[in-house]
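Structural description and commentary
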Amino acid sequence: MTVVGLDDTDSRERGMCTTYVAAEVAERLRRAGDGDDPVSRLLLVRLNPAVEYKTRGNAALAIHTDCEPDRAFDIARDRLESLAETADERTNPGLVVAPSEPDDVPAAVSSFAGRAVRDHLEIADATALLERHGYRSWHAGDGRGRIGALAAIGSWEGLEGWTYERISYRESDRWGTPREVDPESVFAAADRGYPAVWDTVDRGEDETVCVPHTPGPILHGVRGDDPETVRAVAERIEGEPVASSQLFVTNQGTDAHLRDGTLESVADGRAYRLDGRVASSPETRRGGHVFFDLEGVRGGDDGRPSPLECAAFEPTKRFRDRIRSLRVGDRITACGEASRGTLKLEKIAIRDLVTTERVTPICPDCERTMESAGRDQGYRCRDCKTSADGKAQRDLKRDLEVGWYEVPPCARRHISKPLVRGGFDGPTHPER
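Fair warning: this is a prediction, and the values are worked out from it, not measured in the lab. (Residues numbered from 1 in each chain as written. Predicted model: local features only at pLDDT ≥ 70, side-chain atom pairs only at ≥ 80, totals over all residues. Heavy atoms only, no water.)

Comments concerning the overall build of the protein chain
The line we're drawing: Only DSSP runs of H or I reaching four residues or more are called helices, and only runs of E reaching two or more are called strands; each is numbered from the N terminus. Each residue is placed in one exposure class: buried if its accessible area under a 1.4 Å probe, protein chains only, is under 20% of its type's maximum, exposed if it is over 50%, and partly exposed if it falls in between. Here, two residues are considered to be in contact whenever any of their heavy atoms come within 4.5 Å of each other. Accessibility throughout is a Shrake-Rupley quantity obtained with a 1.4 Å probe, and a residue counts as covered only by protein chains that appear here.
A count of helices and strands for the protein chain gives 8 helices and 23 strands. In terms of principal-axis extent, the alpha carbons of the protein chain reach across some 100 × 50 × 35 Å. Scored against the burial criterion, the 432 residues of the protein chain give a buried share of 49%. Considering only contacts in the protein chain between residues 6 or more positions apart, those separated by 24 or more positions represent 69%. Accessible surface, the protein chain as shown: approximately 20,100 Å² in total, 41% of it carbon and sulfur.

Considerations on the sheet that holds strand β19 (residues 379-380)
Counted only if it meets this: We call two strands paired when DSSP finds no fewer than two bridges between them.
Pairing within the open sheet is antiparallel, and its 3 strands lie in the order β18-β19-β20. The open sheet has two free edges, formed respectively by β18 (371-372) and β20 (387-388), since each of these has just one partner strand. Where β18 meets β19, 2 bridges bridge the pair, whose relative direction is antiparallel. Across the sheet, the residue bridging to Glu371 is Arg380, located in β19.

Focus on the nonpolar core
Applicable threshold: Among the buried residues, those of types Ala, Val, Leu, Ile, Met, Phe, Trp, Tyr and Cys that are joined through side-chain atoms within 4.5 Å form a nonpolar core.
Among the nonpolar cores identified, the biggest contains 31 residues, and Leu29, Ile63, Leu95 and Tyr169 are the most heavily contacted of them. Among the elements of the structure, β1 (2-7), α1 (18-32), β2 (39-46), β3 (59-65), α2 (69-83), β4 (94-98) and β6 (163-169) are those that each provide at least two residues to this core. Formed by 30 residues, the second largest nonpolar core is a distinct cluster that contains Val109, Ala116, Tyr135 and Ala151.

Below you can see the structure in the form of structure tokens.
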């Protein structure tokens, strides 16, 4: 068995995508094979979405094939050299070929894959492993793509919780032109496949999420938990001709990028799952972004970290209404990427809601609001002469319930896990 890994082949302007390059390499490998299909699996691996140097979706690809390693290397390099957008200085493709079973790569390589999803790696980290294990590689530019290519090699063993995406490609003479896809057929197909197929549409925003807006070869991509269901949904979408399609096994929709952390452990460029209490009332700022502070759940002031700013940005749309409904003292779990000292929210879990508030007492005789009787002297009604020792408790009606809330499909990152997939530690309130 041979594993072919590749990454960083696309241009942000022209829209070439790494999945298309991988599909082309796989097709060439099939043509070179004798008899049975020599390609057993294509992996689409989303790496850390917070790294500075990345393609749009920060995807790396792996091809599992029976093709002999040197032959696979030659075929893959030929397609990379002809398809990768190396004229763009930000495109630095890399290719790695490992003569190994996918689940029998060295532990250091599978560990490298996990780190690539959650951490920041350097080119030297990849080249050191390549030299240690004698893997053949090729690169253009600074070769940063070798990081993703090597991570793709180790991902089958280093990651878990795989899902599927069926990507349909356009005829090449249509690239760069508006896509012709019938929205009604997309919504109807999405209904047929839900919940096994998810993030195909966003009903709240009336958007066909599976149809990209960028230039390039992809017509649509359908994601889900079952390969046959994603195929059926893709085939029900009506529109321009499909030139080809490919099924990818992927870590999309898995939350593989999140790590459990504490407020004091948060570092920029990584994604976390954090427990805390709301420390400030949510504030809507210019642009429609909503901010609040999160503090640790332990009492006392000694050694407590400074509150962490959390944000629901305007593209998260109706998710911001959930954030605006938070109150100081609510206990939550916040999930998202840390950037410039702010946690960019992807989902939250309401663990415990504040259900009462302290208010100025009401006079039991005249039902008017009492006035302060002076510092530390409680409250009194000047007309009725009644008094109260302190503020009263009043029940609060909350618009939120205990459980998980998420950004809508139109704002979801590829790697973020939709609530409809289940497996969460509490009730869920999925977005459609």
